[in-house]
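Letter by letter, the chains look like this.
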Amino acid sequence: MLKSLTPPALPLEVLQSFAASTYGLAGVWTKLEGERDQNYKVTAADGSGAVFKLCQPVEGEAILVCQAEALEHIAAVDPSFPVPRLVRTRDGDLLGWLFHGGVSYPVTVLSWLDGAVLGDGRLSPQRLYELGRALARLGRALRGLINGAPAARDLVWDTRHVLRLAPQVSNLAENDRGIAADILARHARVTEPALRAMRSQIIHGDVHPYNVLVNDAGVLSGVIDFGDIVHGPLVLDLANAAGDFLSPAGDAADTIFQLTRGYASLTPLEETEADILVDLIEVRLLLTPLIDALKVENGIEPQGYFEAFNSRSMPMIRELRRIGHDRLKGLVRRAAAFPAAAPVHAADSQEAIGRRRKVMGEKLYVFYEKPLHIVKGEGLWLTASDGRRYLDCYNNVPHVGHCHPYVTEAITRQARTLNTNTRYITDQPIEYAERLVALASEGLSSVVFVNSGSEANDLAWRMAKAFTGHTGGLAMEFAYHGVSEAIDAFSPSNAPDHWQAPHIRLLTPPDVYRGPYGAAEENLGERYAALAELPISELQAAGFGVAALMVDSAFMSNGILDAPQSYLQGVVNRVHAAGGLFIADEVQSGFGRMGPAFWGHNHHGVRPDFITIGKPAGNGHPLGAVITRPEILSHFLEFGPFFSTFGGNNVACAAGIAVLDVIRDEDLAVKAGSTGAWFRQGLVRLMARHQIIGDVRGVGLATGVELVRDRATKEPATAETSRLLGLLREEGVLIGSEGKLGNVLKIRPPLAFTREHADIALSAMDRALARL
């Protein structure tokens, strides 16, 4: 290790003779600095230049060959990246071999790069950002290089081996020893173990101000000196450069921020890399005084710029500590596009509840008397602040599972590329619209994008009024379709005791368990459909007419009803006969929730005039759309243009496309049908043990369980339903309630719900019902 810290010192005439015979290289020779190599610039008569490097033999042939291969590899995969080009010998060899004084010295010849060594110069924030990108680009260029020598290399400058230099701490200035010992102790305890688990490859490892060339405008024009090439954690390229570019005359925090921001813009950091970067920078800075102490101990004179680095190392460590690790770590996380480190959550979440009340209103509107503080979602599982995981059998918005990796990556990738509006021609909205049209009913071939299901229903309602010339609407009793003023009128469940909308009439739900016609009666579909005739005639008599019927095909807010098969078609026929249109609100029932039919209206065998979709289409990302007939859209636009600034933005459409891909590739619509049937069979078995279960119903992964105090009288078990939800939470399962009477368990998990999940839920429900 010590021999490698001194360069050879052969006579110049020996080098010149060898260069001429082996490389055909002649010209004016100018000495260059080098810590371990004897270096010269050779300027030919035509003005062209080359670098002649007589290398320290102790480096070993293998590592020098790797350095040469690295330069040729970069030239092949990223030809425009500014690094020297290897000059082979006249015989085509990577290295030359100079024999002198009984020693064989390896030789490397490189092309000369124009530009000035940055040295003591300073880079602006923009240039630091560009240097960070260059570091990332260099790492990308080297990642495909395969060579075993760097992995076996024992390099004194390798951050991972700094603990070998611990004996040199005693040789530092007395006031530096405590800081040095602290850095080494943290490295042994935290940083070095973390490095073992990080992505690794062949890296340059030594991009510092004396290995960087800039042009007259201060723009990076070259990266030189691959002498410290190792196989190591990729983050060391960034950490080493960040440490080496710190200067007492500069802003240390901003230097680290800009380099990291530039690097992460091309090669995103992993979170663990970001979180140890400041520690690695400190270790890099400490290496210089420790190696200097080693050299002094062994009588080795420092070379060139080494003294400049050494003189600033401990002052810069002190400056980083003055700024504070927490602040620097926060800057690194921000530069790497990570949020601030998550706070430690109180197990009872009382602090979060108090903060929420202050800024979001005194009314919490949350599930459970003791609210859940959720901090993470993954697949079918939600994790609370106390670390407990809950099986999510309620939330339909994360349609294909919480934080599905394919969907989140599609969103992230698109957000890094482009996110704009549909006044420009871009690919994602077109592709997504084409995918939706291909899945929609025949004749529905026009798509208008908005940002939510509420907006989609609002727009469909406006279109229906424009197309029909009528202003009256039909909805189910206790329906829910959104929160806009217009759609609130279609949503009596929003405020049942205060709902009033003169232009809306409500239909009796087709509830064959609790409604006017029971399951044992004949012709149920027609009998329930006929109940729509009076509301229709009332709208006509009042002068409103019928513009549209709006229905959620799963009848979710009505308690997830098993509507008779001919019911919805019978109502739609009557609406069409009255001159109205049918809006199929598929926010909750679509995209395979009701099984292989894909859309809820397909399950009922009905062709709508509009399909509306909302956030489940984007797995929770804000997304909405209206799919309708071209003539309806054309007529609507005769009254003026329609444009939603971010409806159909590229990120939202990328999310929508990804959700469709997942449903298709994971066969989720078919699985929803079979898993839902399996689940309901288990619920029916529970009825034999628990008399409180009055009815089990649903299709696909939309399941309702109605709880009653008496099966004969069907008295609703409303209070018991509320208690049961709390007991299920204690069992680790999240379920909601629904229905006008509040006595129906609403079970509509993400479509990734499997039979294994169903069995967990059934066991939990059995235990909770027994406790109830």
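Keep in mind that what you see is a predicted model, and the values were worked out from it rather than measured.

Chemist: Explain the overall build of the protein to me, using residue names and the numbers behind them.
Modeler: Helix and strand counts for the protein come out as 24 helices and 27 strands. Computed over its C-alpha atoms, the radius of gyration of the protein comes to 36 Å, more than 25% above the 28 Å expected for a compact globule of 772 residues. Considered along the principal axes of its C-alpha atoms, the protein spans approximately 110 × 60 × 45 Å. In the protein, which comprises 772 residues, the share counted as buried stands at 55%. Sequence separation of at least 24 residues holds for 73% of the intrachain contacts in the protein that already meet a minimum separation of 6. Summing over all exposed atoms, the protein offers an accessible surface of approximately 32500 Å²; the carbon and sulfur share of this is 52%. Taking the average place of the 73 positive charges on the side chains of the protein and the average place of its 87 negative ones, the gap between the two points comes to 3 Å.

Chemist: Summarise the side chain of lysine 53; cite the residues concerned and give the values.
Modeler: Relative to the helices and strands, lysine 53 resides in strand β3 (residues 49–54). A relative accessible area of 11% places lysine 53 in the buried class. In terms of polar contacts, lysine 53 uses its side chain to reach the side chain of aspartate 37, at 3.3 Å. Setting aside chain neighbours within four positions, we find lysine 53 in contact with Asp37, Gln38, Asn39, Pro106, Val107, Thr108 and Leu110.

Chemist: Can you explain helix α2 (residues 61–77)? Please cite residues and give values.
Modeler: When the terminal C-alpha atoms of α2 are compared, their 24 Å separation across 17 residues agrees well with the 24 Å that a helix rising 1.5 Å per residue should span. Listing the buried residues of α2 in full gives Ile63, Leu64, Val65, Cys66, Gln67, Ala68, Ala70, Leu71, His73 and Ile74. Where α2 is buried, its residues meet β4 (86–87), β6 (103–111), α3 (125–142), α4 (149–152) and β8 (200–203).

Chemist: Just give me the short version of the sheet that holds strand β10 (residues 220–223), but keep the residues and values in it.
Modeler: Overall, antiparallel pairing links the three strands, which are arranged β7-β9-β10 in an open sheet. The open sheet has two edge strands, β7 (116–117) and β10, and neither has a second partner. Across three bridges, strand β9 (residues 212–214) lies against β10 in antiparallel orientation. Bridging across to β10, valine 212 finds its partner in valine 223.

Chemist: Give a detailed account of the pattern of salt bridges, specifying residues and quantitative values.
Modeler: Under the criterion given, the structure shown has 44 salt bridges. In this structure, the salt-bridge partner of glutamate 431 is arginine 435, at a minimum N-O distance of 3.8 Å. Of this pair, glutamate 431 and arginine 435 both sit in helix α13 (residues 427–439), four residues apart, which is roughly one turn of that helix. Residue classification places arginine 435 among the partly exposed residues on the basis of a relative accessible area of 21%. Through salt bridges with shared partners, a single network forms among Glu431, Arg435, Asp661, Arg664 and Asp665.

Chemist: Before we move on, can you summarise the packing of aromatic side chains with the specific residues and values?
Modeler: In the structure shown here, the tally under the stated rule is 14 aromatic pairs. For the ring pair phenylalanine 555 and tyrosine 567, a centre distance of 6.2 Å and an interplane angle of 55° mean the geometry is tilted. Of this pair, phenylalanine 555 sits in the loop between β18 (548–552) and α18 (567–577) while tyrosine 567 sits in helix α18; the two residues are 12 residues apart in sequence, bridging distant segments of the chain. Of the two residues, phenylalanine 555 and tyrosine 567, both sit in the buried class. A connected cluster of aromatic rings, assembled from ring pairs, spans Trp29, Tyr40 and Phe52. Above the ring of tryptophan 112, the side-chain terminus of lysine 41 is found at 4.1 Å from the ring centroid.

Chemist: Please give an account of helix α24 (residues 755–771) that cites residues and values.
Modeler: Here α24 contains 17 residues, and its C-alpha end-to-end distance of 24 Å stays within 8% of the 24 Å for a straight helix at 1.5 Å per residue. If you check which residues of α24 are buried, you get His757, Ala758, Ala761, Leu762, Ala764, Met765, Ala768 and Leu769.

Chemist: Give me the lowdown on the nonpolar core, citing residues and values where you can.
Modeler: Counting residues in hydrophobic clusters, the biggest one holds 93 residues, and the most contacted among them are Phe226, Ile281 and Leu286. It is helix α8 (residues 271–297) that provides the largest number of residues to this core, a total of 13 residues. Beyond its immediate sequence surroundings of up to four residues, leucine 286 is in contact with Leu172, Ala180, Ile183, Leu184, Met314 and Ile317. In terms of nonpolar packing, the next biggest core, distinct from the first, is built from 63 residues, Val400, Ala410, Leu668 and Leu707 among them.

Chemist: Got a sec to walk through the environment of phenylalanine 99? Specific residues and values, please.
Modeler: By secondary structure assignment, the location of phenylalanine 99 is in strand β5 (residues 96–100). According to the relative accessible area criterion, phenylalanine 99 is exposed, its value standing at 67%. Once the C-alpha coordinates of phenylalanine 99 and valine 14 are considered, the two residues, 85 residues apart in sequence, prove to be 9.8 Å apart.

The rules behind each value
Residues numbered from 1 in each chain as written. Predicted model: local features only at pLDDT ≥ 70, side-chain atom pairs only at ≥ 80, totals over all residues. Heavy atoms only, no water. Helix = DSSP H or I, 4+ residues; strand = E, 2+ residues; numbered from the N terminus. Rg over C-alpha atoms; globule rule 2.2 N^0.38 Å. Buried < 20%, exposed > 50% of the residue type's maximum accessible area, 1.4 Å probe, protein only. Contact = heavy atoms within 4.5 Å. Areas by Shrake-Rupley, 256 points an atom, 1.4 Å probe, with all protein chains shown as cover. Lys, Arg positive; Asp, Glu negative; His and termini not counted. Charge placed at Lys NZ, Arg CZ, Asp CG, Glu CD. Polar contact = N/O pair within 3.5 Å; in protein donor to acceptor, adjacent residues only side chain to side chain. Expected span 1.5 Å × (residues − 1). Pairing = 2+ DSSP bridges. Salt bridge = Lys/Arg side-chain N within 4 Å of Asp/Glu carboxyl O. Phe/Tyr/Trp six-rings, centres within 6.5 Å; stacked < 30°, edge-to-face > 60°. Lys NZ or Arg CZ within 6 Å of the ring centre and 35° of its normal. Core = buried A, V, L, I, M, F, W, Y, C linked by side-chain atoms within 4.5 Å.

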